[in-house]
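# Structural characterization, general
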Amino acid sequence: MDKFLVTQRTANEITGPIMVTTSPRFTCPTVFAFRKGGRGTLAGFCYAEHGALGGYVWTALDRADAGDTVLQGIRICDFAELLYAVRSLPPGSLWRHNIAGDLLSNDKTTIDRAALRALTEANKGRRGFTFTHYDVLTNLANRETVEEANRDGFRINLSGNSLDHADQLADLRIAPVTVILPAGTKQNMTTPKGRTVVICPTNTHGVTCADCGLCARMRSTIIGFPASGGMKHTIK
């Protein structure tokens, strides 16, 4: 059963006071290079696996069912309740889907297009955004699904594992792109193909997602996220 944590107004110092959601670990695709249990050199790197988020919040969600109460009173929502929470946001509201987890899928390979369409419809008139590591380079179904959602107003950022990978994603021209960078990176840069990479303003300008909103926009500029979490120095 699909299940989610929905925080109506988070106290997170990075996102600021917006609604955020969390999806279980099983939503992360098998191609995700930083996934715990993966086979590559970056396996387990994912920032969400570390600290209170990975050790407490994410694990509590994984172990519970929709309708259960966890974390001193937070109710686990099902998909219908997630859609209701999104539709209940005032018009123009900025919100982030998945501070951990990814989009729904039935096989960890291909995004559930029907579910994403329902979420995109619920988001109409609002400024929802998220990030995905699902393969859009070789999986044409995913490519079409992500392009459709972005066209219809739900902002899905494609997550690059390197500057070269970010260029490949940006070449598709279907969605905005982000990229992971070495921990502590402060200066903007360019990709091998000359695209501008702007360091996330929450790292350089003392603002929150609520103040910024760049990830909720269609844009040609790539947003760079300096690595964080317990294995951040793995990224070179």
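For the structure itself, look to the data block above.
Quick summary incoming for the structure in this document. (Residues numbered from 1 in each chain as written. Predicted model: local features only at pLDDT ≥ 70, side-chain atom pairs only at ≥ 80, totals over all residues. Heavy atoms only, no water.)

## Re empty space enclosed by the protein
- Throughout the structure, instances matching the rule amount to 1 cavity of 30 Å³ or more.
- Considered as a void within the structure, the largest cavity measures approximately 60 Å³ in volume.
- Lining of the largest cavity is provided by Phe 4, Phe 79, Leu 82, His 97, Leu 103, Leu 104, Asp 112, Ala 115, Leu 116 and Leu 119.
- Secondary structure elements with two or more residues in the lining of the largest cavity: α2 (79-87) and α3 (113-122). (1 Å grid on protein atoms, 1.4 Å probe; cavity = no way out; pocket = protein on both sides within 12 Å on 5 of 7 lines; lining within 4 Å. Points joined across faces, edges and corners; volume = space filled by probe spheres on them. Helix = DSSP H or I, 4+ residues; strand = E, 2+ residues; numbered from the N terminus.)

## A short note on the layout of surface pockets
- One number sums up the size of the second largest pocket: a volume of about 220 Å³.
- Along the walls of the second largest pocket sit Ala 170, Arg 173, Ile 174, Ala 175, Pro 176, Val 177, Arg 195, Met 218, Arg 219, Ser 220, Thr 221 and Ile 222, which together make up its complete lining.
- A breakdown of the residues in the lining of the second largest pocket according to their chemical character gives 7 nonpolar, 2 polar and 3 charged. (Nonpolar A, V, L, I, M, F, W, Y, C, P; charged D, E, K, R; others polar.)

## Details of the pairing of strand β7 (residues 155-160)
- Counted residue by residue, β7 has 6 buried out of 6 residues, so it is predominantly covered.
- A two-sided burial pattern is seen for β7, the buried positions comprising Arg 155, Asn 157 and Ser 159 on one face and Ile 156, Leu 158 and Gly 160 on the other.
- In the sheet, strand β6 (residues 127-132) pairs with β7 via 4 bridges, with the strands oriented parallel. The residue of β7 that forms the bridge with Phe 131 is Asn 157.
- Each parallel crossover has a hand, and for β6 linked through helix α4 (residues 140-151) to β7 it is right-handed.
- Where β7 meets strand β8 (residues 177-181), 3 bridges bridge the pair, whose relative direction is parallel. Counted as the bridge partner of Gly 160 is Val 179 from β8.
- One crossover worth recording links β7 to the parallel β8 by way of helix α5 (residues 163-171), and it is right-handed. (Buried < 20%, exposed > 50% of the residue type's maximum accessible area, 1.4 Å probe, protein only. Pairing = 2+ DSSP bridges. Right-handed = clockwise from strand over helix to strand, strands pointing away.)

## Points about the packing of aromatic side chains
- Under the counting rule described, the total for this entry stands at 4 aromatic pairs.
- Centre to centre, the rings of Phe 129 and Phe 131 are 5.9 Å apart; their planes meet at 90°, and the pair counts as edge-to-face. Each member of the pair, Phe 129 as well as Phe 131, carries the same accessibility label: buried.
- For the pair Phe 131 and Phe 225, a centre-to-centre distance of 5.8 Å together with 80° between the ring planes defines the contact as edge-to-face. (Phe/Tyr/Trp six-rings, centres within 6.5 Å; stacked < 30°, edge-to-face > 60°.)

## Here's the deal with the pattern of salt bridges
- Overall, the coordinates contain 10 salt bridges when judged by the stated rule.
- Salt-bridge contacts for Lys 124 lead to Glu 121; the nearest nitrogen and oxygen are separated by 3.2 Å.
- By relative accessible area, which is 39% here, Lys 124 ends up partly exposed.
- A salt bridge links Lys 193 to Asp 171; the nearest nitrogen and oxygen atoms lie 2.5 Å apart. Of this pair, Lys 193 sits in the loop between β9 (189-190) and β10 (196-199) while Asp 171 sits in helix α5; the two residues are 22 residues apart in sequence, bridging distant segments of the chain.
- Taken together, the shared-partner salt bridges connect Arg 113, Arg 117, Glu 144 and Glu 148 into one network. (Salt bridge = Lys/Arg side-chain N within 4 Å of Asp/Glu carboxyl O.)

## So, the side chain of Thr 191
- Mapped onto the fold, Thr 191 is located in the loop between β9 and β10.
- Owing to a relative accessible area of 4%, Thr 191 belongs among the buried residues under this scheme.
- Among all residues touching Thr 191, those that are not within four sequence positions of it are Leu 163, Asp 167, Val 197 and Ile 222. (Contact = heavy atoms within 4.5 Å.)

## Focus on the packing of α3 against α4
- Relative to each other, α3 and α4 sit at 10°, their axes nearing to 10 Å. Of the possible angle classes, the one that applies to α3 and α4 is roughly parallel. Where α3 approaches α4, its residues Arg 113, Leu 116, Arg 117 and Thr 120 are matched on the opposing element by Glu 144, Thr 145, Glu 148 and Ala 149.
- For the contact of α3 with α4, the class distribution of residues is 2 nonpolar, 2 polar and 4 charged. (Axes fitted to C-alpha atoms, helices over the stretch in contact; angles between N-to-C directions. Parallel < 35°, antiparallel > 145°, perpendicular 65-115°, else oblique.)

## Description of α4
- For α4, which comprises 12 residues, the first-to-last C-alpha distance of 16 Å matches the rise-based estimate of 16 Å (1.5 Å per residue) to within 8%.
- Burial in α4 covers these residues: Asn 142, Thr 145, Val 146, Glu 148, Ala 149 and Asn 150.
- The backbone nitrogen of Ala 141 has a side-chain oxygen 3.1 Å away, supplied by the residue at the start of α4, namely Asn 139.
- Positive backbone phi, approximately 105°, marks Gly 153, located one or two places after α4. (Expected span 1.5 Å × (residues − 1). Polar contact = N/O pair within 3.5 Å; in protein donor to acceptor, adjacent residues only side chain to side chain.)

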